[in-house]
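As a plain string of letters, each chain reads:
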Amino acid sequence: CFPYEWKKVCDLADMVAVDSTIVDTEDGSYMITVRIVNAVSELVVMRLNEQMELKDLRVVSRKEDPNVRPAGKVFTWKDQLIRPAQDCSKSYGYGLNFMRISALDEIRYAEELVRKILPEEITIQGVRMPQGIHTYNFTDQYEVIDFKEYEFGIVGKFAKVMRILSGKFR
């Protein structure tokens with residue numbers, strides 16, 4: 001039963017891809033994703049045709065760009081498309097960058113930074129020290145962020161060792 005059981009229906013593309021996001025525009029539907037090739041991450045944009053098949057693969061940026069990984073659904077803010085992106089400049093999922101999509105059609109994709117949010121700028125009730133922000137999403141009722149925090153002290157170190165060991169024996 002969903003979400004615990006999944007059934008593969010088809011492959012959208014013949015590649016290893018992560019953090020995929022579907023964007024619907026007046027021009028059509030697109031998938032923005034990260035393709036992994038030989039341990040290098042590339043931001044790619046593909047158009048979905050009427051049969052929901054992907055075509056027109058375009059590499060937009062490479063791993064050197066810290067804004068590569070999508071970090072949530074694309075949304076509209078003040079009549080602009082905004083793409084949350086992970087800021088990986090210091091570490092994986094260090095912060096969030098909100099990128100304004102200035103061009104998205106069959107020929108072009110372009111974006112520019114609108115706002116950067118770093119972990120030291122936010123306060124989360126019950127969290128001592130957020131060390132990174134991985135994802136941002138929202139609905140009409142909820143706003144959700146996915147963050148990371150480091151555990152300190154002997155209990156935190158013991159829990160970390162146990163997680164590592166349990167992962168090796170699965």
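Residues numbered from 1 in each chain as written. Predicted model: local features only at pLDDT ≥ 70, side-chain atom pairs only at ≥ 80, totals over all residues. Heavy atoms only, no water.

*Asks:* Would you explain unusual backbone geometry in this entry?
*Replies:* Generally, phi is negative for residues other than glycine and the peptide bonds are trans, each holding for most cases. A positive phi angle, near 55 degrees, is found at Asp 19, a position not held by glycine. For Asp 19, the location among the structural elements is in strand β1 (residues 17–25). Judged by its relative accessible area of 28%, Asp 19 falls in the partly exposed class. One non-glycine residue, Lys 78, lies in the positive phi region at around 50 degrees. Along the chain, Lys 78 falls in the loop between β5 (75–77) and β6 (80–87). (Helix = DSSP H or I, 4+ residues; strand = E, 2+ residues; numbered from the N terminus. Buried < 20%, exposed > 50% of the residue type's maximum accessible area, 1.4 Å probe, protein only.)

*Asks:* Help me understand the sheet that holds β5 in this model?
*Replies:* Within a beta sheet, neighbouring strands are joined by backbone hydrogen bonds and run either parallel or antiparallel to one another. Here four strands make up an open sheet; going across it, the order is β5-β6-β7-β8 and the pairing antiparallel. Two strands close off the open sheet at either side, each with one partner strand: β5 and β8 (109–117). On average, each strand axis in the sheet is inclined to that of its neighbour by 45 degrees, with strand direction left out of account. Examined bridge by bridge, β6 and strand β7 (residues 95–104) share seven bridges and lie antiparallel to one another. Counted as the bridge partner of Gln 86 is Leu 96 from β7. (Pairing = 2+ DSSP bridges. Axes fitted to C-alpha atoms, helices over the stretch in contact; angles between N-to-C directions.)

*Asks:* Honestly, the pairing of strand β3 (residues 40–48) in this entry has me stumped. Any pointers?
*Replies:* On any regular strand, side chains alternate: one points to one face of the sheet, the next to the other face. The buried fraction of β3 is high, at eight of nine residues. Direction of pairing for strand β2 (residues 28–37) relative to β3: antiparallel, over a ladder of nine bridges. If you follow Ser 29 over to β3, its bridge partner there is Leu 48. In textbook terms, the turn of a hairpin is the stretch between consecutive antiparallel strands, and for β2 and β3 this stretch comprises two residues, one of which, Asn 38, has a positive phi near 50 degrees.

*Asks:* How should I be thinking about the nonpolar core in this particular structure?
*Replies:* A general tendency of soluble globular proteins is for nonpolar side chains to be buried together. The biggest cluster of nonpolar side chains holds 11 residues, and these are Val 23, Tyr 30, Ile 32, Val 34, Leu 43, Val 45, Val 68, Val 74, Ile 101, Leu 104 and Tyr 109. Residue assignment for this core shows that the elements contributing at least two residues are β2, β3 and β7. Top contributing element to this core by residue count: β2, with three residues. Once you skip the residues sitting within four places of it in the chain, Leu 104 turns out to touch Val 23, Thr 25, Asp 27, Tyr 30, Val 45, Leu 81 and Tyr 109. Membership of the second largest hydrophobic core comes to seven residues, among which are Ala 71, Ile 82, Phe 98 and Tyr 136. (Core = buried A, V, L, I, M, F, W, Y, C linked by side-chain atoms within 4.5 Å. Contact = heavy atoms within 4.5 Å.)

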